[in-house]
Every structure is written in structure tokens, then in C-alpha cells.
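# Chain and residue survey
What follows is each chain in one-letter form.
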Amino acid sequence: MARITLSRLAHSYLPNPADEAQFALKEMTHVWRDGGAYALLGASGCGKTTLLNIISGLLRPSQGRVLFGETDVTDLPTEARDIAQVFQFPVVYDTMTVRENLAFPLRNRGKAPGYIAARVAEIAAMIGMEAVLDRKARGLTADAKQKISLGRGMVREDVNAILFDEPLTVIDPHMKWELRTQLKALHRQFGHTMIYVTHDQTEALTFADQVVVMHDGRVVQTGTPEELFEAPAHTFVGYFIGSPGMNLLDARVEGRRAHLRGGTVELGAAYPALEGRVRIGIRPEYVALTEGPGLPVSIRRVEDVGRHRIVRAELSGAPIDIVAEEGERLPAEPRVVFAPEKINVYADDWRVEGEAA
Amino acid sequence: MEKTQNNRAWFLVLPMLVIVAFSAVIPLMTVVNYSVNDTFGRNEFFWAGLEWFDETLRSERLWSALGRNALFSAIILAIEVPLGIFVALHMPKKGFWASFCLVVMALPLLVPFNVVGTIWQIFARTDIGLLGHTLWSLGIDYNYTANPLHAWLTIIVMDVWHWTSLVALLCYAALQSIPEAYYQAAKIDQASRWKVFRYIELPKMKGVLVIAILLRFMDSFMIYTEPFVVTGGGPGNSTTFLSIDLVKMAVGQFDLGPAAAFSIMYFLVILLVSWVFYTVMTNMDKEEGV
């Protein structure tokens, strides 16, 4: 087990990239703590899989180094890196039985038969496949096959890290939840470094202690689920995390005040003069409907999502989402107020830290 | 639930049945007719019963041709299948050289059989042939027209040259259909090159290998044109395979009755062996699928 360091890493699929736009992965330096459970979250095509394949050595980065602990492994092939990776679509060895599939990574490393048998039994119990251990893998369903892939990824105890590349895509929702819980338990038990790639925020937030959000080939924020929710470092994080995403409103910020088209709101901190496109971000959870003083909105529609309702409204022509309690009466002339300390300020998509109040 | 019966569908099958009748069934029946009659031409037939079958089954000639043919098929299968797999594994996967290899590999398959025979007949000649003359110049007493072993070697090398591409191309197609993730997973699992072949590539190629083996068996068991052009069945009878023998009997000697009986048994042998092959291979599949 080891800390994984990516140092000034960048990757392009073209042999001679001319400018930054041709890099699938923009230059980054990032440290994955030993024993951390990370989720790598981002929209499809943002470079998550590229990053994962660089860590496992399936891809050689165009520039930069990869370090496991203090060892530079950039030039080591996958086989020499002692890493486990589970892919998006099931990869099983069709002609082998389930048991042989699970034992395969251990056999290839020449482990003792007794140890292999014990380990396979343990993993089979974890993925709930004891009953079918002696069946050929070929005849199984897609989600059973994916469980075998997961099992093969977890069967080794001495790995540097376990990488999951959207592993639960083909698994049905109930099983998804259960497997994620087991992965989490496994992490607590063995303390492997785990990196879990997903585009599903629920998956990311429930699995990881640290969520790494990627956007357009760049890591835009690393933090706990709470940090990502309360203080998104980039408008993409605000929009991508949370359901619905953060409201972003064009504003002119002066000191502790933000002037919107529909009026002025108080901010939780003072801000210096800002360059570029300035917007304030406020979570729908922190927007309250009121009949008293506030900014006038017009309600477009109301979606009932069970625990609460989502009010889709417009504030001087800009869309704004509001989370309203179940049973809360909607005012006839609705106005909104923002919780000042929950407002984030963005200049050209990046969050600006306010000066202490 | 009642199923609607609609027999009009048979009319759609009818044209195909008519074509098959004229192209296969009726000619075959003619052969059957010849095999149980004696004829001296002029459309006069005398019932002979199973006499021709009896005679053919007792004839040394049929059995030795069958033996030679079986040996030939076994040898070329033993060479072409592993060699084809080997070639397929080493062909480039993409880019210019992949297309280049495909075209080069397809060339021998496009050459008409008698031309293949002619090419090798000349190629192996010791006076003007590149191969023959080279061997002769190296001091090897190579002569495919006089030495049965040399005749065999020439024909086997020719067949390997002609048909290994088929096996290789079929395997190549199967290999191309393996998703990259399988190779990546094998690297993660630290599988050796042999294990990648054994557990990923071979299972994927199995389906096409069954087809390739069947095709190569049937074709080699029916081989006629190439050895006929190169050796004419000689020296002596050493490269006289079943087809060559059959043509000698039917056209050379005009023994239509025995030749027809021979044809029918020949046909049944190929049918039987192919059926056994196919059944065994598909059953292996089923057992594994459980």
C-alpha cells in the first residue's frame, strides 16, 4: 500500500499536442493519501478514465511522473505495479468457473493453494456467489459477471490501490447499494487506497471520504462531500453536485453587497473588486420563499420529489430553483430571501474567498 | 393459444426447392442409378444390385486412396491450423500494415486452383523452377516427379501456401472482436502471454476454428485440381487421392458403375466425418456452457 502522487501530469492522445485544448488531461499535481477512499466524479468524457488508466499503467502519460510512495513507477508496466482495477463492463474468463476466475490473480502470483482457497471463499461470500462457485462464468448474467470482476479486483490483499471504473453501471439499483456498502466495509477492514470513478453523485458521495471532481480534463475541487456542497470551488461543482444544482445569478459585487437584476442581497463576507464574469451561487436549499421583503420571483412550476418540493421559478428572467418543504404554502406574491452566509461568489467560474467578516 | 395455420408459406420455399432439386438431388439420383446398374452406353441398363458396391469395398485401390487422403488431410490440418493461429496472433491490429497484410493474405485464396497447381508445378521444377533449381543447386537431389516423398512434400507445402491464409483470416477476425478491456484486465491480473492466449484468445477463436477445420477438412478430402496439375497422381499412385482415382475410373476407364458406387461412398464418408466433427465440437460447447 502506498501514497500515490501525480506530479505535473498531463496526457494527450495525440502524438504532438499543439495547445491545451488537445490534452485530454490538463497538467495537474495531485496526491492520493495512502488508505483513502476517493471518488473521482465528473461528466462523461472529462478524463476520469484516462486518469485511472495512467495510475494503473495501461496508459503512459505524455508528461509528468506517477509515484507510488517514493518509487517512480511512470515507466513500469501494469503487471509490475501491483494494482487492481475493475472496468465498467464485465470482464470474465468465460471458460473458467467462477472459482477459477476469482483465484486467477492469486494463482498468477504463485500464492499457496490453501491461502487462495480461503481468500476465494471470503470474497465469494462478500459478493454473494458461494452457490455458483463451480459454474462456468459464461452462462451467467451481466450483473453476476460484473460481481466476478469486482471480486477479482478485491481478492488480492497486497495491492497498492484498487481502482474502480464506473463498476456498477450494469448492476441493478438494489444490488448497487449493497455492493457499495460492501466496498465501503472492505475499505474499513483492509484500508486499501481506493479510487472510484463515477458520474453519479450519490455513488460518489456515499462511497468516498474525499471526492475529486473533474471537469474538462482538470481537477476542479477535492474535498469532503460537505465541502463540495457548501463551498463549491468551481461553478461546475455547484451545478454537478446537488439535486437540483446550485443557482447561479449574474451579479455586481461591491463589498458585502451583491447587486442582481432584481435587487440587492447581503453577502456573508466582504469581497474585493472582481474581474470577469461575476456570479453569485446559492443552493436551492438555502433559498426561502416569503411574502415579506425579498426579491420578487414568478413561479413556473412545482415538482414534488417526495421528501420536499422543487419550485422552478424566475428571478428577473433568470431561472432559479427553490427547495420548499412538503406542505409549505406557496405565497400568492412570492419573493425570495437568501441565507447570506451560504452565498458563494464566483469570478469567471472560480470561487472567490471573501474577506473575514 | 391456437396458432394460425398458413400453408401458403410453402410457396415461398418452392423456388429454392426446385433449384436444389435440379442442382443437387436429380444429379445425385443419376449417380445412384448408375451405381446399381451396368451400362454399355446407348442408354441400356442392366440391373446389377449392390455388385459395384461390393466390388469397390473389396478393392485395394479404394482403400489405399482413402488412406493417402486421410493422411494428407491430417497433415495439412496439423500444419495449417496452428500456423494460421500463429499468423493471426502476429498480424498488426490496425493501421496501414493491417490492411496490407490482409490483402497479401487474401491473394492465395483468390488464385484459381489449377493456376495454383501450375505455379507450383513450374516453381518446383529442377530445370527452370526457382525452388526446384535452388534445391538442386544446393546439392539436394530433389525431384518431385520421381520421388514419392518429394511429391508429397511439394503438395503439402503448396496446400499450406494456398490455404493457411483462410485459417489466419478467420482467426484474425475473431481476435479483432475481443474488447481491449480483456487485455487490460489480464495485465492487471498478471496473466502470462500463454494464459492470455489460453483463456481469452482461444475461447474467442473457438467458433471460427470449428468452421475453419471443417472447411479445410472437406476441401482437402476432396482435393483434385492442384495435385492433378502438379503430379498427376504420381509418381506411381503415391499422390493419387480419392478424387483423382475417381476421375481415372469414371472418365479414363469409363467404369461408370464402380465409379458411381465409389462416389456415393465417398460422399457418405465426408458427410459422416463432418457430422461427427460438428457434433463433437458443438457438444463440447454445451458442456462448457452449463
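Residues numbered from 1 in each chain as written. Chains lettered and ligands numbered in written order. Predicted model: local features only at pLDDT ≥ 70, side-chain atom pairs only at ≥ 80, totals over all residues. Heavy atoms only, no water.

Quick reminder of the rule: UniProt positions are given in the numbering used here, feature names are shortened, and annotations may be inferred rather than shown by experiment.
As recorded by an unreviewed UniProt entry, chain B carries the name Sugar ABC transporter permease and is attributed to Amaricoccus solimangrovi. Recorded in UniProt under Sequence similarities (unreviewed entry), the annotation for chain B is "Belongs to the binding-protein-dependent transport system permease family."

If you check an unreviewed UniProt entry, chain A appears there as ABC transporter ATP-binding protein from Amaricoccus solimangrovi. Quoted verbatim from the Sequence similarities (unreviewed entry) heading of the UniProt record, the comment on chain A is "Belongs to the ABC transporter superfamily."

### Quick notes on the environment of Tyr-239 of chain A
To keep things clear, this is the line we draw: Each helix is a run of DSSP H or I of at least 4 residues and each strand a run of E of at least 2, with the numbering of both proceeding from the N terminus. The criterion used for residue contact is that any of the two residues' heavy atoms lie within 4.5 Å.
For Tyr-239 of chain A, the position within the fold is in helix 8 (residues 235-240). Beyond its immediate stretch of four places on either side in the chain, Tyr-239 of chain A contacts Gly-245 and Met-246 of chain A.

### Description of the sheet that holds strand 18 (residues 308-315) of chain A
All names here are of chain A. The cut-off we apply is this: When DSSP locates at least two bridges between a pair of strands, those strands are taken to pair. The axes are straight lines fitted to the C-alpha atoms, using for helices just the contacting stretch, and the angles between their N-to-C directions are given from 0 to 180°.
The antiparallel open sheet is built from 3 strands, whose spatial order is 17-18-19. Where the open sheet ends on each side, the last strands, each with one partner, are strand 17 (298-304) and strand 19 (318-325). In this sheet, adjacent strand axes meet at a mean angle of 25° when their direction is disregarded. Across 8 bridges, strand 18 lies against strand 19 in antiparallel orientation. Across the sheet, His-308 pairs through a bridge with Glu-325, a residue of strand 19.

### Focus on the nonpolar core
Grouped burial of nonpolar side chains is what soluble globular proteins tend to show. Worth spelling out the cut-off: We call a set of buried residues a nonpolar core when its members are Ala, Val, Leu, Ile, Met, Phe, Trp, Tyr or Cys and they connect through side-chain atoms within 4.5 Å of each other. Accessibility here uses a 1.4 Å probe with only protein chains present; expressed as a share of the type maximum, an area under 20% marks a residue as buried, one over 50% as exposed, and anything in between as partly exposed.
Grouped together as the largest cluster of nonpolar side chains are 73 residues, with contacts concentrated most on Leu-6, Trp-32, Leu-51 and Ile-55 of chain A. Examining the composition of this core, we find that 10 residues originate from one element, helix 9 (residues 193-221) of chain B, more than from any other. If near-sequence neighbours (up to four positions away) are discounted, Ile-55 of chain A is found in contact with Ile-4, Leu-6, Trp-32, Phe-68, Arg-81, Ile-83, Leu-163 and Ile-195 of chain A.

### A word on the UniProt feature "domain: ABC transporter" (unreviewed entry) in chain A
As annotated in UniProt, the feature "domain: ABC transporter" (unreviewed entry) corresponds to residues 4-241 of chain A in the numbering used here. Summarising residues 4-241 of chain A: 36% helix, 24% strand, and an end-to-end C-alpha distance of 26 Å.

### Structural notes on the interface of chain B and chain A
Condition: Defined here as a combined quantity, buried area equals the accessible surface (1.4 Å probe) lost by two parts on assembly, summed across both. Definition used for salt bridges: Asp or Glu carboxyl oxygen within 4 Å of a side-chain nitrogen of Lys or Arg. Classes in brief: Ala, Val, Leu, Ile, Met, Phe, Trp, Tyr, Cys and Pro nonpolar; Asp, Glu, Lys and Arg charged; the others, Gly included, polar.
Contact residues are listed per partner, giving 19 residues for chain B and 25 residues for chain A. The contact between chain B and chain A buries some 2,100 Å² in all, and 56% of this surface belongs to carbon and sulfur atoms. Taken together, the links from chain B to chain A amount to 1 salt bridge. The residue Asp-189 of chain B makes a salt bridge to Arg-152 of chain A at a minimum N-O spacing of 2.9 Å. Of all the secondary-structure elements, those providing two or more residues to the side of chain B that touches chain A are helix 8 (180-188), helix 9 and helix 12 (256-289) of chain B. Of the residues in the side of chain B that touches chain A, the class split is 10 nonpolar, 3 polar and 6 charged.

### Section: the state of the cysteines
What makes a disulfide is a covalent bond joining the sulfur atoms belonging to two cysteines. Using the following cut-off: Only a pair of cysteine sulfur atoms within 2.5 Å counts as a disulfide in this structure description.
Scanning the model with the defined rule gives 0 disulfides over all chains in all. With no disulfide partner, Cys-171 of chain B has as its closest neighbouring cysteine sulfur the one in Cys-101 of chain B, 15 Å distant.

### A word on the environment of Tyr-196 of chain A
Residue and element names in this part refer to chain A. Quick note on the threshold: Here a polar contact is recorded for every N or O atom pair within 3.5 Å, except that within protein the pair must consist of a potential hydrogen donor and a potential acceptor, and residues adjacent in sequence are included only if both atoms are side-chain atoms.
Topologically, Tyr-196 is positioned in strand 8 (residues 193-198). Sequence-distant contacts of Tyr-196, that is, excluding residues within four places in its chain, are made with Tyr-38, Ala-39, Leu-40, Phe-164, Pro-167, Leu-168, Arg-180, Leu-183, Glu-203 and Phe-207. In terms of polar contacts, Tyr-196 uses its side chain to reach the side chain of Glu-203, at 2.6 Å.

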